Amino acid sequence: MTIVVTGATGGLGRHAVESLLARGVPADRIVAVGRSIEKIQDLADRGVDVRYASYDEPESLRKAFVGAEKLLLVSASEPGKRVPQHQNVIDAAKEAGVSRIFYTSAPHADTSAMILATEHLATEQALAASGIPFVVLRNGWYLENYDLRGALEHGLVGAAGDGKISLVTRADLAEAAAAAVVADRLDKQVYELGGEGVTMAELAAEVSRQSGREVTYTNLPPEKYTEFLVGVGLPEGFAAVLADSDHHAASGALYTGTEDLAQLLGRPATPLADAVRARLA
């Protein structure tokens, strides 16, 4: 069984490769694919097959997927470009004879009003139209999306109101993806993956408890939150998508429950207290 992981030069993809290795998948049966392969030269040194490919270059994808049996499609990172990029991946996978695709989507992509969900739903529909068996891993909101160290000085800022967000570590999601890929059978085609549900005020309180410093949460209208994110260096389009997601989180768009993640991991999600402590270390 040869497993291809796209986006392996990014955080989630890299963690997924490490999780596959930890689960006993032989290094020479893993193909780590990305654009900046110099970032994963150490994986090549450990026996992983490292190949260049770009979501924007169909020919590079076709070459990278030669011999692939299973494919973990880590979603592209540029809003507005994902649908054609993901279609390139799906087309290359079909040509390569891939037997199953595992796709990292967004929470409740089929019902969500978030801008973020639109491209993910379109990709899920493209997978269904491809005829390739697939599994959807709807990844919850990364704890890493928040600058917890910066919050010690400036507090937390958002637009989520009192909505609960199922915060989860990137490592947990990567481990769940690896578990799904190597499983002999799965009970579901769609998994809603998230950790402990907390409000932003509760997250601020946990950061305060862990640090011994008072950290508060300031709730802003979405447009003001967009301005804040642009002010700290995010591109305006990406900032608007994040602010929109936060806004919809107020009505539950980023709450998933913990059951699906625990089922794939074979254990509970990393407790929020432990995850916050690690981020502040």
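Relevant structure appears above.
Here is a short report on the structure shown in this document. What you are looking at is a predicted structure, and each value in this text was computed from that prediction instead of being measured.

The rules we used
Residues numbered from 1 in each chain as written. Predicted model: local features only at pLDDT ≥ 70, side-chain atom pairs only at ≥ 80, totals over all residues. Heavy atoms only, no water. 1 Å grid on protein atoms, 1.4 Å probe; cavity = no way out; pocket = protein on both sides within 12 Å on 5 of 7 lines; lining within 4 Å. Points joined across faces, edges and corners; volume = space filled by probe spheres on them. Nonpolar A, V, L, I, M, F, W, Y, C, P; charged D, E, K, R; others polar. Buried < 20%, exposed > 50% of the residue type's maximum accessible area, 1.4 Å probe, protein only. Helix = DSSP H or I, 4+ residues; strand = E, 2+ residues; numbered from the N terminus. Pairing = 2+ DSSP bridges. Contact = heavy atoms within 4.5 Å. Core = buried A, V, L, I, M, F, W, Y, C linked by side-chain atoms within 4.5 Å. Expected span 1.5 Å × (residues − 1). Arc of directions from axis to C-beta. Right-handed = clockwise from strand over helix to strand, strands pointing away. Axes fitted to C-alpha atoms, helices over the stretch in contact; angles between N-to-C directions. Parallel < 35°, antiparallel > 145°, perpendicular 65-115°, else oblique. Left-handed = near helix turned anticlockwise from the far one by under 90°. Phe/Tyr/Trp six-rings, centres within 6.5 Å; stacked < 30°, edge-to-face > 60°. Salt bridge = Lys/Arg side-chain N within 4 Å of Asp/Glu carboxyl O.

### Some details on empty space enclosed by the protein
- The full count for this structure, using the stated rule, is one cavity of 30 Å³ or more.
- Lining of the largest cavity is provided by Leu143, Leu167, Val168, Thr169, Glu196, Thr270, Pro271, Leu272 and Ala275.
- By residue class, the composition of the lining of the largest cavity is six nonpolar, two polar and one charged.

### As for the pairing of strand S5 (residues 100-105)
- Counting buried residues along S5, five of its six residues qualify, which places the element largely inside the surrounding structure.
- Judged from the four bridges that link them, strand S4 (residues 70-73) and S5 form a sheet pairing that is parallel. Bridge assignment links Leu73 to a residue of S5, and that residue is Tyr103.
- Of the strand pairs in this sheet, S5 and strand S6 (residues 134-139) are connected by five bridges, and their pairing is parallel. Opposite Ser105, over in S6, you have Arg138 as the bridge partner.

### Considering the environment of Thr256
- Positionally, Thr256 belongs in the loop between helix H10 (236-249) and helix H11 (259-265).
- Through-space distance from the C-alpha of Thr256 to that of Gly13 is 22 Å; in sequence the pair is 243 residues apart.
- The residues touching Thr256, leaving out its near neighbours within four places in the chain, are Pro107, His108, Ser166, Glu192, Leu193 and Gly194.

### Comments concerning the nonpolar core
- Among the nonpolar cores identified, the biggest contains 58 residues, and Phe65, Leu72, Ile101 and Leu137 are the most heavily contacted of them.
- Here this core gets seven residues from one element, more than from any other, and that element is helix H7 (residues 170-182).
- Those residues in contact with Phe65 that sit more than four places away from it in its chain are Val4, Thr6, Arg51, Leu71, Val89, Ala92, Ala93 and Ala96.
- Ranked by size, the runner-up nonpolar core spans 35 residues in total, among them Leu116, Trp141, Leu167 and Ala249.

### Points about the environment of Ser251
- Note that Ser251 resides in the loop between H10 and H11.
- The class for Ser251 is exposed, based on a relative accessible area of 66%.

### Description of helix H4 (residues 82-96)
- The end-to-end C-alpha distance of H4 is 21 Å, a good match for the 21 Å that 15 residues give at a rise of 1.5 Å each.
- Listing the buried residues of H4 in full gives Arg82, Gln85, His86, Val89, Ile90, Ala92 and Ala93. The buried residues of H4 all sit within an arc of 165° when viewed along its axis, so they share a single face. Counted as exposed and oriented over 90 degrees from the buried face of H4: Lys94 and Glu95.

### Things to note about the pairing of S4
- Of the two faces of S4, both are covered, the one formed by Lys70 and Leu72 as well as the one formed by Leu71 and Leu73.
- Across three bridges, strand S1 (residues 3-5) lies against S4 in parallel orientation. The residue of S4 that forms the bridge with Val5 is Leu72.
- Running through H4, the crossover from S4 to the neighbouring parallel element S5 is right-handed.

### Some remarks on the sheet that holds strand S3 (residues 49-52)
- A sheet is described by the order of its strands in space; here seven strands give the open sequence S3-S2-S1-S4-S5-S6-S9, paired in parallel fashion. One side of each edge strand has no neighbouring strand; the edge strands of this open sheet are S3 and strand S9 (190-193). When the angles between neighbouring strand axes are averaged without regard to direction, this sheet yields 20°.
- Seen against the sheet, H4 touches S4 and S5 and runs at an angle of roughly 175° to S4.
- The sheet strands contacting helix H5 (residues 115-130) are S5 and S6, and the helix crosses S5 at an angle near 170°.

### Re the packing of helix H8 (residues 200-211) against helix H12 (residues 272-280)
- Contact geometry for H8 and H12: axes closest at 10 Å, N-to-C directions at 60°. Judged on the interaxial angle alone, H12 and H8 are oblique. Between H8 and H12 lies a crossing of right-handed hand. Only Leu272, Ala273, Val276, Arg277 and Leu280 of H12 make contact with H8, whose side of the interface consists of Leu203, Glu206, Val207, Arg209, Gln210 and Ser211.

### Comments concerning the packing of aromatic side chains
- Inspection of the entire model under this criterion finds one aromatic pair.
- For the ring pair Tyr225 and Phe228, a centre distance of 6.2 Å and an interplane angle of 15° mean the geometry is stacked. Remark: Phe228 and Tyr225 occur in helix H9 (residues 222-231); sequence separation between them is three residues, near one turn of the helix.
- Owing to a relative accessible area of 7%, Tyr225 belongs among the buried residues under this scheme.

### Points about the pattern of salt bridges
- Enumeration according to the criterion identifies 21 salt bridges in this entry.
- In this structure, the salt-bridge partner of Arg51 is Asp49, at a minimum N-O distance of 2.8 Å.
- Residues Glu78 and Lys81 are paired through a salt bridge, measuring 3.2 Å at the closest nitrogen-oxygen approach.
- With relative accessibility at 27%, the residue Glu78 sits in the partly exposed group.

Note that every value here comes from positions in space, so none of it alone points to a role or purpose.
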